[in-house]
Structure formats: structure tokens, C-alpha cells
Amino acid sequence: MITVLETILLFVFSLLVYLANGATISSGDTAPNTLLAFNFLENHTLHLDAFKQSYLCTVSYGSCYFFAEANNGHLTSAYPIGTAIVTFPLYVIFYLYLKLTEYLSVPIDLTSVSFEVHRLFFEKLAASITTAFTVSIFYLSLRLKFKRGLSLVTTFIFAFATNTWMTSSQGLWQHGISNLALVSIIFCLLKANRAKKHHRNKWLILAGIACGLLPGIRPTSAVYTIGAIIYSVFTYRRQAIFLFSGLITAVPSIVWNLYYFNNLVGGYSSSHLFSESPYSLNNFIESSLGTLISPGRGLLIFSPILVYSLLGAYQICQRKYDQDDLIGCMSVAGFILLFSYFLYRFWWAGHSYGPRFMTDILPIFCYLISYYLVNIFPKVLPNYKIISLKLFIFITLGLFSTLVQLAGAFAYNPGVLWNAIPLNVDLYHHRLWDIKDSQIERNMRASLNQIIKPNFDNATYIQGLDGVIQKITDDQDQPIQSLISVPPGYVQVFKANLKNTGVSRWVGYKSAVVIGETRIRGRFLNEKNNLISEVRMFVSGNPRTNELVNAIGSINFPPEPGKYKLNFDLIAEGVSEFPKINDKSLYVINVDVIKPK
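About the cut-offs
Here the residue index of a chain counts from 1 through its sequence in written order. Selection of residues for local features in this predicted model requires a pLDDT of at least 70, selection of side-chain atom pairs for listing and counting requires 80 or more, and totals for whole chains, interfaces and linings are taken over all residues. To get the side-chain values, all heavy atoms of the structure are used, and hydrogens and water are removed first. Helix and strand labels come from DSSP, where a helix needs a run of H or I of at least four residues and a strand needs a run of E of at least two; each type is numbered from the N terminus. Each radius of gyration is computed over the set of C-alpha atoms, and the globule rule expresses the reference value as 2.2 Å times the number of residues to the power 0.38. Burial classes follow relative accessibility: with a 1.4 Å probe on protein chains only, a residue under 20% of its type's maximum area counts as buried, one over 50% as exposed, and anything between as partly exposed. Like charges within 9 Å and nonpolar side chains (Val, Leu, Ile, Met, Phe, Trp, Tyr) within 5 Å are joined into patches, using only residues over 30% in relative accessible area that form no salt bridge. The accessible surface values rely on the Shrake-Rupley method and a 1.4 Å probe; as for residues, cover is taken only from the protein chains in view. Salt bridges are counted wherever a side-chain nitrogen of Lys or Arg sits within 4 Å of a carboxyl oxygen of Asp or Glu. Between the rings of Phe, Tyr and Trp (Trp by its six-membered ring), a pair exists once the centres lie within 6.5 Å; its type follows the angle of the planes, with under 30 degrees stacked, over 60 edge-to-face, and the other angles tilted. As a reminder, the over-ring test applies to NZ of lysine and CZ of arginine, requiring each to be within 6 Å of the ring centre and within 35 degrees of the ring normal. In this description, contact between two residues means that some pair of their heavy atoms is separated by no more than 4.5 Å. Axes, fitted as lines to C-alpha atoms, cover a helix only where it is in contact. Angles between the N-to-C directions of the axes lie from 0 to 180 degrees. The labels follow the angle: roughly parallel below 35 degrees, roughly antiparallel above 145, roughly perpendicular from 65 to 115, and oblique for the rest. Each crossing is labelled by how the near helix is turned from the far one, with a counterclockwise turn of less than a right angle marking it left-handed and a clockwise turn marking it right-handed. Under the grouping applied here, Gly and all other residues not named as nonpolar or charged are polar, the nonpolar ones being Ala, Val, Leu, Ile, Met, Phe, Trp, Tyr, Cys and Pro and the charged ones Asp, Glu, Lys and Arg. In this analysis, the expected span of each helix is defined as 1.5 Å times one less than the number of residues it contains.

Draft legend 1. Quick look at the overall build of the protein. Scanning the protein from terminus to terminus reveals 22 helices and eleven strands. Its C-alpha atoms give the protein a radius of gyration of 27 Å, near enough to 25 Å, the size a compact globule of 597 residues would have. Expressed along its principal axes, the backbone C-alpha trace of the protein runs to roughly 85 × 65 × 55 Å. Sorting the 597 residues of the protein into buried and exposed places 54% on the buried side.

And the structure:
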């Protein structure tokens, strides 16, 4: 009874923490799984054809990469639908709520931009609820093997010191629901180990249900299903047939993939995660080191507490504890999954916070920490002076890991802009290794700005802004001529040398202020002097009067052929243009956009 009450309190506490930042942190990747249930309930179809011309393609994201044109001609999800299947009961409740409150007498227009606020709100709610439930099951599985104090410590690490917080609970990514299935498998098999023979069958069936769902949620995590099957066959022999019976839950995803894509992996058959070009040793080294220790995505940088997983794995290898075979088998699967991510070219997982892909291994790695703690905890009270250094290091790493997640959750906006400013990390991978401007540091600064809000809109500050763009070069430091010719839609990195000639100190992009940051504004004007588009170059430092500084930015040239002027001037973003004697730009480049013959 006490354990049940603890679990309920843990669920409520986790849910409140996950919801506390009031923001949905996701991307277009999650869009299909947030719409499939609504679309089925409202439009009575599984096809997503209605969204071809929706706000998702024309307003919010600009590209419908998360939808796919299926072989049968219908629009469908480019991603696995297992997440939508598992969260369907929640979305039934969400749908009924919407119908009873705002859409009682009118249809819900899922394709309207006005629905976006509902879509994002319910995405966050579904993600937070399912992740809090995952945390609760994780705790229950720990309590089957370890004492309360140790279980609570490990559960706290899993819930708040890893990307369980910043990835699983903030958006309806595949990772969160995948982890729900994984911890359910572990819990059910641990219960089966302790159940009498005639009660064991039901736990094996439940484990099989989770195993069947897992490949349809996140195909890469199917390695855990394989691990559970191997363990069950060797442990339960003929009784393992009950686990196999639960695998019927894999059928909906299989049928979906065959119907829409004529294959078993669905939209991933044309995934950009792999490439047809040869994979080299350098690719492997970059992916493996980047996944583990890069400042921008390193697992051991964002959650250094996970280093104790290796010590726990060592304890497993020593076979000092009973019924370790299950965790040992799933740990092997976890390390295999980790290694498989080393083979990804797209190892940084796009515009995300920290090691998003590594969220898939967190339940296993956090479980392993318990095996380290069970060896240390008994020595804490009687020998606290002897092991105080070990305990201090453990607590320090745990607090740092939690602080990293806290900064990510509450300063994600504008912290998320690190991925695009000053250069898009998807195109310029070297930024993932920049120790002078790491994602963690940017988010920490953004957190500080929320506490001590800078004031850049006062008249004194604005009147004190002045500066000179001395030179603009390309990424090879070659000067940009006053007249250049480029093909339509050309993209090029520009650099600039600037000097602060005013009395107000400039604020660069590393400050994570955004509103009030000093930036170079570029404006493309056509032959009729009409504004076509704007671009930005980002100032790197915080120069005082007469100090020099650099700026950099990726310039997207107009997609239509013609003659343009690219006028550069200085602005305090979102606050004011720099005061000038006249309206002439500080730096002008004439551009001929010529269509190649």
C-alpha cells in the first residue's frame, strides 16, 4: 500500500515538474502523431490528405517533411505510428474535451492555423502524462530489487537528470513512448520472475504486448524486443509462448507500413539518417565521440551522472546479485543500440537539446546506476568520512546533470536558437564541438536573463548605438566585391569586421538575449526598390566603445533571377535601428541572380 501511494505521489510530482515550464518543446517530427487520432475521430479517416495545403506546410514549418506521399497516392506519416497508437486513449479524452467545450456545434477544422494552439497544448500534455507514467513504472521496477531510498535516488536521476525531462516529457517524440514500452517490459518480466507459475502467464502476455508495440513506436528500439524474447525463451522455456502471444500488438504497425509503403519499416525506407555514400572510419569516430563527449550533444556532457552506468554494468558482470540475467540481457541490447547510433551520419539529431537519440538508452543506463549505488549505500552511514569524496562527486554530477535539464526546460526559448545561430548546426557540424559557445552555456545564459531581465529599449541605450561595418568577406576570408553574380537560391556564409563607435556596449548572440542583440541586417531590394527578403549576420562578442568585433551569417539569396541590392546596416534586434545621419545603408552589394544555362 505504501509503495502504491509513493508511486502516485511520484507520478503527480513528475507531471507537475514537466508541465511547469508551460511550453511544448518538439518539432515537425512529432506532428503526424499529434494529428492521427484527431483526424480519425473527427474526419473518420486514417489518410492525412487534408493536410496537403494546411498551415503545417505553409505557415508553421514551411516544409511537410514529416508527411509522406504513400505508394497508394495518399498522404501519410513519414514516421512510425506506434506513438499515436499508444496515446490514442488520451487523445479520445482530449477530443471529447474539445467537442464539449469549444466545438460543441461546429466541426473541428484540423487544417486551420487556429487549431495549432490545441495541437501543441495536447501534445505537451500527452507527453508529460506518459513520461510521468514511465517514471512511475521505472520506480516500481526498481522497488522489486532495491530498497526505497536507493530506488528514489535512481528514479530522480532518470526523471530529472537526463533527457527524459527535456525530450520525452516536453513533446510527443518517439523516444518517450518507446521508453514507456521498455520499462513496462522490464517491470512485467521482473514480476513474472517473482510470480507463481499459474500467475506468471499474465505477466508474460503483458510483456509481450509491450514488446510487440516497441518496433512500431521506434524501429531502432526493436533490439529491446529481441533481447526480451531471447531472455524469455531461455528463462521460461515453453511458457515463453505467452509472451509471443502478446506480440500480436505489432500487427497494426505492420499492416500500416505494408498498406502505405509496401515494406515493413514505413517512411524510414527513404530515411536521411543513412547515406548511399561510403561510410568511413572518420565518420564512425566523429559519430561516436560526438554522441558521447561533444559540447553540443555529448551524453556524458549533458548527463555526466550516467558515467556511473559503466560501474553498474561492471557489477552486473560480477553477477553478485540474484536475477541479473534480465537486466544483463537488456543492458547488452542497450549497448548494441548505443553502438548502432555511432553509425549514423545524422548523429546530432537535428535541432534538439542535447543527445536526443540517447534518450532511447536512458532506462537501461539509469537502472545500471542502481547496481553501483547498492554497493555504495551500505557504506555511507558507518563510513561517511572515508567515502565522502565519492559521495560528493556523485552528488555534484547529479546536481549538474539536473541543472542542465532545468536550464533546457525553462530557457529553451531562446536557448533553442543555438541550433541556428549563428549558423545552422545541421549544415555546419563543427559548431557541435565549439567549447566557447556550447548549447549548455547558451541556455544557462538564457536562464540568467529570465531572472535578471536586460533593458535594451530605453532611449539612452538606443541613442548610444553606433558602429561601422568595415569589411565583409566570404567564409574563406576573401573580400566580397561590390558586384557579385550568384545562381537563384544560392546560400553562402558571409563574415564581417565591425567597430563599435557608439557609447552603448553591444550585445552579441552568445548572450542569448535575442531582443536587443546587435546584428547586421541585410535587406534584398529589387530594381523597383521593393523589399524582397531580410537576412541576418550575428555579432559574436560584446564590444565596448572603439572595440572591434566579428559577425557571421548564412545568406540566402533570392530564388528568382534578377538584379538586386543587398543593403547591410546595424540594428538592435526587435528594438531599434542604429541612429544614422541619413537613410543610406552602411554597406551595399549589388547582386545579379542569374539562372544557369
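On we go.
Draft legend 2. Spotlight on a nonpolar patch on the surface. Residues Ile 226, Ile 230, Val 233, Phe 234, Ile 241 and Phe 244 make up a contiguous nonpolar surface patch of roughly 570 Å² in combined accessible area. Where the nonpolar patch is concerned, the elements lending two or more residues are α11 (222–236) and α12 (241–246). Counting residues per element, the nonpolar patch draws most heavily on α11, at four residues. Tracing the backbone shows Phe 234 in helix α11.

Draft legend 3. Examining the packing of aromatic side chains more closely. Under the definition given, this model contains 44 aromatic pairs. Seen from their ring centres, Tyr 308 and Tyr 372 are 4.8 Å apart, and the 40° between their planes marks the pair as tilted. One end of the pair, Tyr 308, is in helix α16 (residues 308–318); the other, Tyr 372, is in helix α18 (residues 362–380), with 64 residues separating them in the sequence. The residues Tyr 308 and Tyr 372 share a single accessibility class, namely buried. Linked through ring pairs, Phe 38, Tyr 91, Phe 94, Tyr 97, Phe 115, Phe 121 and Phe 122 together constitute an aromatic cluster. The aromatic ring of Trp 418 is capped on one face by Arg 431, whose charged end is 4.6 Å from the ring centroid.

Draft legend 4. Quick peek at the side chain of Glu 123. Structurally, the position occupied by Glu 123 is in helix α6 (residues 116–143). Here Glu 123 falls in the buried class, since its relative accessible area comes to 0%. Discounting chain neighbours no more than four positions away, the residues touching Glu 123 are Thr 24, Ser 26, Thr 30, Thr 34, Tyr 91, Gly 171 and Leu 172.

Draft legend 5. Local environment of the packing of α6 against helix α7 (residues 148–160). Running from N to C, α6 and α7 cross one another at 150°; their axes reach a closest spacing of 9 Å. Between α6 and α7, the crossing angle belongs to the class labelled roughly antiparallel. Of the two possible hands of crossing, α6 and α7 adopt the one that is right-handed. Facing Thr 134, Val 135, Phe 138, Tyr 139, Leu 142 and Arg 143 of α6, the residues of α7 in contact are Arg 148, Ser 151, Leu 152, Thr 154, Thr 155, Phe 158 and Ala 159. Here the residues of the contact of α6 with α7 are counted per class, giving seven nonpolar, four polar and two charged.

Draft legend 6. Main features of α6. In this model, α6 (28 residues) spans 41 Å end to end at C-alpha, consistent with the 40 Å of a helix rising 1.5 Å per residue. Most of α6 is tucked away, with 21 of its 28 residues classed as buried.

Draft legend 7. Broad picture of the environment of Leu 90. Here Leu 90 lies in helix α5 (residues 88–101). Among the residues examined, Leu 90 registers a relative accessible area of 18% and is labelled buried. C-alpha of Leu 90 to C-alpha of Ser 401: the two residues are 311 residues apart in sequence and 31 Å apart in space. Beyond its immediate chain neighbours, meaning those up to four positions away, Leu 90 contacts Ala 126, Ile 129 and Thr 130.

Draft legend 8. Expanded view of the side chain of Gln 492. Considering the arrangement of structural elements, one finds Gln 492 in strand β5 (residues 491–500). In this structure, Gln 492 is in contact with Asp 474, Ile 480, Gly 553, Ser 554, Ile 555 and Phe 557, ignoring residues within four places of it in sequence.

Draft legend 9. Fine view of the pattern of salt bridges. Using the criterion set out here, one finds 19 salt bridges in the structure. One salt bridge connects Asp 360 with Arg 218, and the closest N-O pair in it is separated by 2.7 Å. In this pair, Asp 360 is assigned in the loop between α17 (325–341) and α18 and Arg 218 in the loop between α10 (197–217) and α11, connecting sequence segments 142 residues apart. Grouping residues by exposure puts Asp 360 and Arg 218 together as buried. A salt bridge links Arg 521 to Glu 577; the nearest nitrogen and oxygen atoms lie 2.8 Å apart. Of this pair, Arg 521 sits in strand β6 (residues 518–525) while Glu 577 sits in strand β10 (residues 576–577), and the two are 56 residues apart along the sequence. Judged by relative accessible area, which is 9%, Arg 521 ranks as buried.

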